[in-house]
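Report on the structure
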Amino acid sequence: MKILVQSTGLDIVPGIIAELKKHQPDWQYFAWPSDEPCDYVVGWKPPAELFERQPKLKAVINYGAGVDAILAMHAVPAHMPIIRLEDAGMAQQMAEYAIYGVIHHQRHMQIYHAQQRAVHWEQHEDRGNVRRPTVGVMGLGEMGGTVATKLAGFGYSVRGWSRSKHEIENVLTFAGHETLPTFLSGCDVLVSMLPLTDSTKGILNALSLAQLPRGAFLVNAGRGGHLVDADVVAALENGQLGGALLDVFHEEPLPKDHPYWTHPDVIVTPHIAATTPIKDACAQIVAKISALERGEVVSGIVDPNVGY
Ligand code: NDP
Ligand code: OXD
């Protein structure tokens, strides 16, 4: 078996090859660019040239959970399956990221950080009336499903929204676009873990943000394209949004003059909500390729028509 490993932007190819070898020392590995005809490519944003130079490929393994970038490039031939990573150690990180956002909002951490900078001591906890926020999770797949379950386990009142109906213990679930206003109306904290598709692009805009309770907090770890940035900034300015924890952006790195950088109620992180852990990812990649070679059906096959 010959595996081609490619990456755009990050120098992770040697590490991936070393890790794959630990699982399957008998397979042969090639770093892109290579014209050695390979059976599978493990890649992140592979260019069209790769597919022109690799006529024997049977499938592409996307080295990540999100497939919006690979689909937008239109480089993968239509007949070739794209298989994505499922969880692979990312969902737990996502849950940690979401819980951080919820606690930041619930426990007034933005105020206390500002107070510390001003050397000012003042308590804002309302001890007589402790109310935990209701958290809404958009997207109930590998990431969102875990996030919702862990938040519910932590004692939060949790609601979730997805395309098809999900049953998750202790989570109030909603499905479909017609339920979006009802779902949003109960979310003191909104956590988005959606994939970026034609249906979800710009989904968080002036109209949908207005359906949240006033002062709601937004956590976005899906993709920047879910937000209409001007509407988010306006909602922060007029108090409809109480703050935001943002990990993903239309343009990455986030341009230096973007208002998110300096807004007092926004925390910016550089697309680190969940990074792909090489060990888990490579174990999953080897398992998927081995299953494909045995003629088995594998999970995580992307449907290009729906975009995830
Ligand atoms: P999944 O495919 O497992 O889950 C996607 C979820 O979104 C599903 O529940 C799906 O509904 C729902 N969904 C899709 N389209 C719609 C729609 N139009 N309306 C309502 N719900 C919809 O993906 P993952 O959970 O693995 O990953 C989600 C995204 O998280 C990735 O695509 C990526 O963008 C992002 N991500 C970000 C990272 C970061 O570090 N910031 C790291 C990893 C991922 P249904 O269940 O009905 O199909
Ligand atoms: C992913 C990501 O999609 O890192 O895996 O965002």
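The present account deals with the structure reproduced in this document.

Conventions used here
Residues numbered from 1 in each chain as written. Chains lettered and ligands numbered in written order. Predicted model: local features only at pLDDT ≥ 70, side-chain atom pairs only at ≥ 80, totals over all residues. Heavy atoms only, no water. Salt bridge = Lys/Arg side-chain N within 4 Å of Asp/Glu carboxyl O. Pairing = 2+ DSSP bridges. Helix = DSSP H or I, 4+ residues; strand = E, 2+ residues; numbered from the N terminus. Axes fitted to C-alpha atoms, helices over the stretch in contact; angles between N-to-C directions. Contact = heavy atoms within 4.5 Å. Core = buried A, V, L, I, M, F, W, Y, C linked by side-chain atoms within 4.5 Å. Buried < 20%, exposed > 50% of the residue type's maximum accessible area, 1.4 Å probe, protein only. Domains from an automatic or database assignment.

Side chains that differ in sign of charge can pair as their charged atoms come close. Counted under the stated rule, the structure contains 12 salt bridges. One salt-bridge network, held together by shared partners, links E19, K22 and K279.

Right, let's talk about the sheet that holds strand β11 (residues 241-246) for a bit. Pairing is parallel across the open sheet formed by seven strands, whose spatial order is β8-β7-β6-β9-β10-β11-β12. Each having just a single partner strand, β8 (171-175) and β12 (266-268) make up the two edges of the open sheet. Within the sheet, the average angular offset between the axes of one strand and its neighbour, ignoring direction, is 15°. Of the pairings in the sheet, the one linking strand β6 (residues 134-138) to strand β7 (residues 157-162) comprises five bridges and is parallel in character. Among the inter-strand pairings, V135 is bridged to a residue of β7, identified as V158. Contacting β6, β7, β8 and β9 (189-192), helix α6 (residues 142-153) runs over the sheet at an angle of about 165° to β6. Strands β11 and β12 of the sheet are contacted by helix α9 (residues 229-237), whose axis makes an angle of about 135° with β11.

Within the largest apolar cluster, 53 residues are counted, with the highest numbers of intra-cluster contacts made by I3, L20, V147, L151 and M193. Examining the composition of this core, we find that eight residues originate from one element, helix α4 (residues 90-106), more than from any other. Residue-level mapping places this core at the junction of two domains, with at least three residues from each of domain 1 (2-87 + 276-293) and domain 2 (90-268). For L20, the contacting residues outside a window of four places in its chain are I3, V5, Y29, C282, I285 and V286. With 27 residues, the next largest nonpolar core counts F174, L227, A235 and V266 among its residues.

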